[in-house]
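Residue strings, one per chain:
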Amino acid sequence: MAILIDIRDPSWMQEQELCDLLSPHLPGVSIYCKDAAAHEDEIIMLAAVKLFPGVVKNLPNLKLVQKLGAGVDAIVNDVDLPDSVNVCRLKPDAPAQEIAEYCVAYVLQMQRNIQLHHDNAGRRVWKPLAPKRSPHTTIGVLGLGHIGGRTATSFAALGFRVLGWSRSEKRIDGVECRSGEAALPGVLSECDYVASILPSTDQTRNLFDAGMLKNMKSGSVLINAGRGDLIVEQALLDALEQGNLAGAVLDVFRAEPLPADHPFWNHHKITVTPHVSGWHLDGGFEDVAENYRRLTTGEALLHQVDRQAGY
Ligand code: NDP
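Caption draft 1: Quick look at the nonpolar core. Counting 30 residues, the largest nonpolar core has L142, F208, L213, L222, L236 and F264 as the members making the most contacts within it. For this core, the secondary structure elements donating two or more residues are β7 (161-166), α6 (184-190), α7 (210-213), α8 (233-241), β11 (245-250) and β12 (270-272). Tallying contributions element by element places α8 first for this core, with 5 residues. With residues up to four places along the chain from it excluded, the contact list for L222 reads V194, F208, L213, M216, I231, L236, L245, G247, A248 and V249. The next biggest cluster of nonpolar side chains, apart from the first, holds 24 residues, and it includes M13, I31, I44 and A47.

Caption draft 2: Representation of the sheet that holds strand β10 (residues 220-224) within the structure. Spatially, the 7 strands line up as an open sheet ordered β8-β7-β6-β9-β10-β11-β12, and their pairing is parallel. Lying at the two open borders of the sheet, with one neighbouring strand each, are β8 (175-179) and β12. Direction aside, neighbouring strands of the sheet carry axes that sit 15° apart on average. Relative to β12, β11 runs parallel, the two being bridged by 3 bridges. Across the sheet, residue L250 finds its bridge partner in β12, namely V272. The strands touched by helix α5 (residues 146-157) within the sheet are β6 (138-142), β7 and β8, with β6 carrying the most contacts at an inclination of about 170°.

Caption draft 3: Region of the structure containing the packing of aromatic side chains. Counted according to the given criterion, the structure contains 3 aromatic pairs. Look at F253 and F264: their rings are 6.3 Å apart centre to centre, the planes differ by 55°, and that puts the pair in the tilted class. Taken together, the residues span a long stretch of sequence, with F253 in the loop between β11 and β12 and F264 in the loop between β11 and β12 at a distance of 11 residues. Assigned by exposure class, F253 and F264 land together as buried. Stacked on the ring of F52, the Lys or Arg R8 has its end atom at 3.9 Å from the ring centre.

Caption draft 4: Representation of the site of the ligand. Within the structure, the ligand sits among 30 residues, and R89, H146, S168, K170 and Y311 are positioned closest to it. A distance of 3.1 Å separates a nitrogen atom of the ligand from a polar side-chain atom of D251. Surface burial for the ligand is 90%, taken as the share of its 940 Å² of free accessible area covered by protein chains. The set of elements that each furnish at least two residues to the shell around the ligand consists of α5 and β7. Ranked by the residues each element gives to the shell around the ligand, the list is headed by α5, at 3 residues. Classifying every residue of the shell around the ligand gives 11 nonpolar, 13 polar and 6 charged. Composition of the shell around the ligand by domain shows at least three residues from each of domain 1 (2-92 + 281-297) and domain 2 (93-272).

Caption draft 5: Quick peek at the domain arrangement of the protein. The domains assigned to the protein are domain 1 (2-92 + 281-297) and domain 2 (93-272). Residue-level contacts link 9 residues of domain 1 with 8 residues of domain 2. Regarding the contact of domain 1 and domain 2, the summed buried area is about 640 Å², with carbon and sulfur atoms giving 49% of it. Of all residues in domain 1, D73, K91 and P92 give up the largest surface area on contact with domain 2, accounting jointly for 60% of the area buried on that side. On the surface where domain 1 and domain 2 come into contact, there are 1 salt bridge. Between R227 and D73 there is a salt bridge; the shortest N-O distance is 3.0 Å.

Caption draft 6: Summary view of the sheet that holds strand β4 (residues 64-67). A sheet is described by the order of its strands in space; here 5 strands give the open sequence β2-β1-β3-β4-β5, paired in parallel fashion. Edge strands, defined here as strands with exactly one partner in the open sheet, are β2 (30-32) and β5 (86-88). Averaged over all adjacent pairs, the angle separating strand axes in this sheet is 20°, with direction ignored. Two elements, β4 and β5, share 3 bridges in a ladder whose sense is parallel. If you follow Q66 over to β5, its bridge partner there is C88. Each of β1 (2-6), β2 and β3 (43-48) is contacted by helix α1 (residues 15-22), which is oriented at about 145° to β1, the strand it contacts most. Against the sheet, helix α9 (residues 284-297) makes contact with β1, β3, β4 and β5, and its axis sits at roughly 160° relative to β3, the strand it touches most.

Caption draft 7: Representation of the side chain of D229 within the structure. Note on placement: D229 falls in the loop between β10 and α8. No salt bridge is formed by the buried D229; its nearest oppositely charged neighbour, R205, is found at 4.2 Å. For D229, the side chain forms a polar contact with the side chain of S200, separated by 2.9 Å. Beyond its immediate sequence surroundings of up to four residues, D229 is in contact with S200, R205, N206 and R254.

Reading the values: rules and limits
- Residues numbered from 1 in each chain as written.
- Predicted model: local features only at pLDDT ≥ 70, side-chain atom pairs only at ≥ 80, totals over all residues.
- Heavy atoms only, no water.
- Core = buried A, V, L, I, M, F, W, Y, C linked by side-chain atoms within 4.5 Å.
- Buried < 20%, exposed > 50% of the residue type's maximum accessible area, 1.4 Å probe, protein only.
- Helix = DSSP H or I, 4+ residues; strand = E, 2+ residues; numbered from the N terminus.
- Contact = heavy atoms within 4.5 Å.
- Pairing = 2+ DSSP bridges.
- Axes fitted to C-alpha atoms, helices over the stretch in contact; angles between N-to-C directions.
- Phe/Tyr/Trp six-rings, centres within 6.5 Å; stacked < 30°, edge-to-face > 60°.
- Lys NZ or Arg CZ within 6 Å of the ring centre and 35° of its normal.
- Near = heavy atom within 4 Å.
- Polar contact = N/O pair within 3.5 Å; in protein donor to acceptor, adjacent residues only side chain to side chain.
- Areas by Shrake-Rupley, 256 points an atom, 1.4 Å probe, with all protein chains shown as cover.
- Nonpolar A, V, L, I, M, F, W, Y, C, P; charged D, E, K, R; others polar.
- Domains from an automatic or database assignment.
- Buried area = accessible area lost by both parts, 1.4 Å probe.
- Salt bridge = Lys/Arg side-chain N within 4 Å of Asp/Glu carboxyl O.
- Lys, Arg positive; Asp, Glu negative; His and termini not counted.

Dropping the structure here:
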């Protein structure tokens, strides 16, 4: 029985680094980073960011794909992945905190007119602008899971009115929680800022189409730190040009890296960040080792994904 690590991302953690982190927790366990061709029958767990073509087909005894992160849409939708293979994700605190900070940072930037003051200072213009007041501002947080829940409570702690939206009913101190498809238009209509931290599933893809964007309050701002394919890009551009939307802050996109000729890049109402809102996975890697151990003992796995629901 063995683990295969397959990352292939030069800008992120290298396979050997993860192997070095896991090895002390799994003495005696074979962990392959490359050159696993002769050992494919041994591999029961694949630790990966995404599934590269052909990899799963060559692992006849695979029982678990351990996503090295949170978003599992590309994995659960892979046609090569047999139904019998479990999928787990990580749920470390660090990226949840970072994404909450990302949303708070951009909201505060706008509340406090930071960009306007910066531009005015560059032109030596003394122009006092009243900050917008938190208790008079409503933040919508779509997705109240590991990351969205923390984002919602972060805004609530700053005194904002917070509306949260999820699939199932929730109770979160300081957050007015609503749930279900029918509740979303009403949530959007009340919010000055909407932060989407939803997974990409059959139910959420293309959620922000022209019709849904029309529900957003006049002058509001959409922040997307969940997945890019929730937004119909032309509909967003139209809503920014002619509609009710004042701006968008986007960290995730349908195609990443965002193509050089994409209209989002230099749109004056859009802020583009290169999928950086959640970054560090501190501590999460111990759960990779723990899941391998559980896989071999038959115990319940940590952070198992519901493959039908898609998250
Ligand atoms: P969770 O699974 O913990 O939470 C997902 C939330 O979305 C839940 O509250 C869930 O509702 C809600 N949800 C799912 N489907 C629907 C639906 N159809 N209608 C309403 N609500 C729905 O995930 P995380 O919070 O950990 O992560 C969320 C997403 O953030 C990830 O899937 C990933 O795509 C993205 N992400 C982005 C990163 C970045 O750097 N930009 C980094 C990490 C993650 P319920 O609670 O009822 O199940």
